[in-house]
Amino acid sequence: MSLPRILVTRAIFPDVVERLRAHFEVEANPEDAIWTPAELAARLADKDGAFTTGSQRIDAALLASAPRLRIVANMAVGYNNFDLDAMNAAGVQGTNAPDVLTETTADFGFALLMATARRITESEHYLRAGRWTQWSYDMFAGADIHGSTLGIIGMGRIGQGIARRGAHGFGMQVLYHNRSRLTPELEAQCKATYRDKQDLLRSADHVVLVLPYTAASHHLIGAAELALMKPGATLVNIARGGIVDDAALAQALRARRIAAAGLDVFEGEPQVHPDLLALSNVVLTPHIASATEPTRRAMANLAADNLIAFFDGRGALTPINT
Ligand code: DGY
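Everything numeric here is computed off the predicted structure, so don't read it as measured data.

A. Representation of the domain arrangement of the chain in the model. Per the domain assignment, the segments of the chain are domain 1 (5-98 + 293-312) and domain 2 (102-284). Across the contact, four residues belong to domain 1 and five residues belong to domain 2.

Right, here's the structure in full:
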């Protein structure tokens, strides 16, 4: 009996590709060049399954050219690269990679918050540029983390991880906004209090975005929302770029309407809005919140496990459309 054919659309850990080869006939992207939609469509034409990352859009046009395709396993917890309506219409199972990246991503959210509030990269650039000549009482004075008010928008697993770090590690008062409220038990564990979005933006010293990107969250943070924030506030985005209106954010940072921003994700990434690049009060990182070797490996293995379980007839392990 012939093995199911799988396309691995980006370079991943070689041993994970080898695991897949034990179960499937595998075509793996050898160069890690991002294939154009036309190249991807041509390669998917005879495939039964695909292993993707967030950089490939799976939409109706692509699915129309992949008549055998039954499953796409995303090596990411976010799946805004999937057109789920089109996948449902085509009967294609989608899976993501939740849980295995929660703590690593929450660590990074906190690291980015601290680097931003305490002006770590800005001060390092100053030092490396040879501009440090003497200690000064207000040099790179930033905002305190401990004892401040943390506002988290998006209180899924990663949001809860950030809340726990803030409340238990740094004595922060934690406010959160989410589509639905947490159970009283989870609110107690996270020491987090529900607020509506406007109230949270007005009250928080630091706002961290950890929500999924959907039509409803597009430009959730724009000029009007930034205007509500405290003048000394910090905004951190480890979710998806389109959630923040980058032009409005650059304007607010330039005008010191808010103090600083830390961004790991960008609208149209890997392009970054030139106005953001020109500012010193923003910390910019290239979508690395889940990037530790063990976590990226666990994400890759979970995507592979989804493909293996699905074709074994056990059903996908972490389905996102059923
Ligand atoms: C995720 O898992 O959604 C990350 O953004 C991928 O890197």
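Right, picking up where we left off after that structure.
B. Fine view of the site of the ligand. Around the ligand sit Gly54, Ala76, Val77, Gly78, Leu101, His287 and Ser290, and those are all the residues in its vicinity. Per-class residue counts for the shell around the ligand are three nonpolar, four polar and no charged.

C. Representation of the pairing of strand S1 (residues 5-8) within the structure. By the bridge criterion, four bridges tie S1 to strand S2 (residues 25-28) in an arrangement that is parallel. Note on S2: the bridge partner recorded for leucine 7 is glutamate 27. Taken together, S1, helix H1 (residues 14-21) and S2 form a β-α-β motif whose crossover is right-handed.

D. Quick peek at helix H5 (residues 102-117). End to end, H5 covers 22 Å across 16 residues, agreeing with the expected 22 Å (1.5 Å per residue, within 8%). Every buried residue of H5 is accounted for by Thr104, Thr105, Ala106, Phe108, Gly109, Phe110, Leu112, Leu113, Ala115, Thr116 and Ala117. One or two positions beyond H5, positive phi appears at arginine 119, with a value near 60 degrees.

E. Summary view of the environment of alanine 250. Tracing the sequence through the fold places alanine 250 in helix H11 (residues 246-254). With sequence-adjacent residues up to four places away left out, alanine 250 is seen in contact with His273, Asp275, Leu276 and Leu279.

F. Quick look at the nonpolar core. Formed by 54 residues in total, the largest nonpolar core has its most connected members in Ile152, Val174, Val208, Leu209, Val210 and Ile238. Of all the elements, H5 adds the most residues to this core, at seven residues. Contact partners of isoleucine 238, with chain neighbours within four places excluded, come to Thr105, Phe108, Gly109, Leu112, Leu209, Val210, Asp264, Val265 and Ala289. In this structure, Ile6, Leu7, Val77 and Ala304 belong to the second largest nonpolar core, which totals 38 residues.

G. Highlighting the sheet that holds S1. Taken together, the five strands give an open sheet; going across it, the order is S2-S1-S3-S4-S5, and neighbouring strands pair in parallel fashion. This sheet does not close on itself; its edge strands, each paired only once, are S2 and strand S5 (93-95). The mean angle between the axes of side-by-side strands here comes to 15 degrees, regardless of whether they run parallel or antiparallel. The strands touched by helix H13 (residues 293-312) are S1, strand S3 (49-52), strand S4 (71-74) and S5; relative to S4, the strand with the most contacts, the crossing angle is about 155 degrees.

Rules of the game
Along each chain, residue indices are assigned from 1 in the same order as the chain's sequence is written. For this predicted model, a pLDDT threshold of at least 70 governs which residues receive local features, and a threshold of 80 or more governs which side-chain atom pairs are given and counted, while totals over whole chains, interfaces and linings are taken from all residues. For each domain, the first and last residues come from an automatic or database assignment. By the convention adopted here, residues make contact when the C-beta atoms placed from their backbones lie within 7 Å. Residues are counted as near a molecule or strand when the C-beta atom, derived from backbone positions, lies within 6 Å of that molecule or strand. Here the nonpolar group is Ala, Val, Leu, Ile, Met, Phe, Trp, Tyr, Cys and Pro; Asp, Glu, Lys and Arg are the charged ones; every other residue, Gly included, is treated as polar. Strands pair, by our definition, only if DSSP identifies at least two bridges between them. Put simply, DSSP H or I for four residues or longer makes a helix, DSSP E for two residues or longer makes a strand, and each gets a number counted from the N terminus. When the strands point away from the viewer and the connection leading from the first strand across the helix to the second strand turns clockwise, the crossover is called right-handed. By this rule, a helix spans an expected 1.5 Å times one less than how many residues it contains. Residue burial here comes from a neighbour count, namely the number of other C-beta atoms, placed from the backbone, that lie within 10 Å of the residue's own C-beta, with 20 or more meaning buried, 12 or fewer meaning exposed, and in between meaning partly exposed. Each nonpolar core comprises buried Ala, Val, Leu, Ile, Met, Phe, Trp, Tyr and Cys residues, the members being joined through C-beta atoms within 7 Å. Axis lines are fitted to C-alpha atoms, over the contacting stretch for helices. Their N-to-C directions set the angle, which ranges from 0 to 180 degrees.

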